[in-house]
Amino acid sequence: MSDGTAITGPDGLLRCPWGLSTEDYVAYHDEEWGRPVHGDDALFERLCLEAFQSGLSWITILRRREGFRKAFAGFRIAEVARFTEADRDRLLADEGIIRNRAKIDATLANAKVLVEWAPGELDRLIWSYAPDPANRPTPATIKDVPAVTDESTALSKALKKRGLRFIGPTTAYALMQACGLVDDHIEGCVARDAGR
């Protein structure tokens, strides 16, 4: 059993323990998580997926990501904002996604809010909450990685104030981790600092 420090994978490389917990996680851990993500549609996708993950394991979402992309028009904000009641009913019946009414409704409502924003506004707002990396020590173990920070709490409040739903401080921090606003790969991990 891991003590929370980086562990050696079958390829001899050290990784965060969760990054080796299933085969699905290896590529996500090595190539995506913690790498900077920009662009309103790309950030909308991550925002939606993190909201859908709330109360579930990330592997559940990761394994259905292509289903989500298909169901939600590639998470193109302008297209999702035009979804109708018929689209909502279709989503509620789609076995390729998580059929949670509140999360689907939040995704559709958020798209309707975001389509009114200026191009790049979501990107600028989210990234304005990225903490200075110099003030963040490298986590030695997974126990040193927080679930919520002052920045994620502030980001959550800012997004809610602008009309977005289903984005609490924990979801906001998961978004920050996934999109590279913070680098929470632990000490010794092969992916640490890779996206910077």
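In this report, we go over the structure that sits alongside the text. What you see is a predicted model, and the numbers here were worked out from it, not measured in a lab. (Residues numbered from 1 in each chain as written. Predicted model: local features only at pLDDT ≥ 70, side-chain atom pairs only at ≥ 80, totals over all residues. Heavy atoms only, no water.)

### Observations regarding the overall build of the chain
Quick reminder of the rule: Numbered from the N terminus, helices here are DSSP runs of H or I no shorter than four residues, and strands are runs of E no shorter than two. Here the radius of gyration uses the C-alpha set of atoms, whereas the globule reference equals 2.2 Å times the residue count to the power 0.38. The buried label goes to any residue with under 20% of its type's maximum accessible area, the exposed label to any with over 50%, and the partly exposed label to all in between, with areas taken from a 1.4 Å probe on protein chains only. In this description, contact between two residues means that some pair of their heavy atoms is separated by no more than 4.5 Å. In short, Shrake-Rupley with a 1.4 Å probe defines the accessible areas, and a residue's cover is counted only from the protein chains shown. His is not counted, nor are the chain ends, whereas Lys and Arg count as positive and Asp and Glu as negative. By convention, the charge on Lys lies at NZ, on Arg at CZ, on Asp at CG and on Glu at CD.
Secondary structure summary: the chain contains ten helices and two strands in total. The linear arrangement of helices and strands in the chain, starting from the amino end, is β-β-α-α-α-α-α-α-α-α-α-α. Taking 16 Å as the expected radius of gyration for a compact globule of 196 residues, we find that the chain reaches 17 Å, a close match to that expectation. Seen along its three principal axes, the alpha-carbon backbone of the chain occupies a region of about 50 × 35 × 25 Å. Buried residues in the chain amount to 46% of all 196 residues. Residue pairs in contact within the chain that sit at least 24 positions apart in sequence constitute 67% of those at least 6 positions apart. When the accessible surface of the chain is split by element, carbon and sulfur atoms take 52% of a total near 9500 Å². Seen as two clouds, the 26 positive and the 30 negative side-chain charges of the chain have centres 5 Å apart.

### A word on the nonpolar core
Operational definition: To qualify as a nonpolar core, a set must consist of buried Ala, Val, Leu, Ile, Met, Phe, Trp, Tyr and Cys residues joined through side-chain atoms within 4.5 Å.
Among the nonpolar cores identified, the biggest contains 47 residues, and Phe-44, Phe-68, Phe-72, Leu-91, Leu-122 and Leu-159 are the most heavily contacted of them. The element that contributes the greatest number of residues to this core is helix α2 (residues 40-53), accounting for six residues. In this view, Phe-72 contacts Phe-52, Val-80, Phe-83, Leu-91, Ile-97, Ile-104, Thr-107 and Leu-108; residues no more than four positions away in its chain are not counted. Grouped together as the second largest cluster of nonpolar side chains are five residues, Ala-6, Cys-16, Ile-186 and Ala-191 included.

### With respect to helix α1 (residues 23-31)
By the burial criterion, the buried members of α1 are Tyr-25, Tyr-28, His-29 and Asp-30. Looking at the buried side of α1, the elements it contacts are β2 (14-15), α3 (58-62), α4 (65-71) and α10 (169-178).

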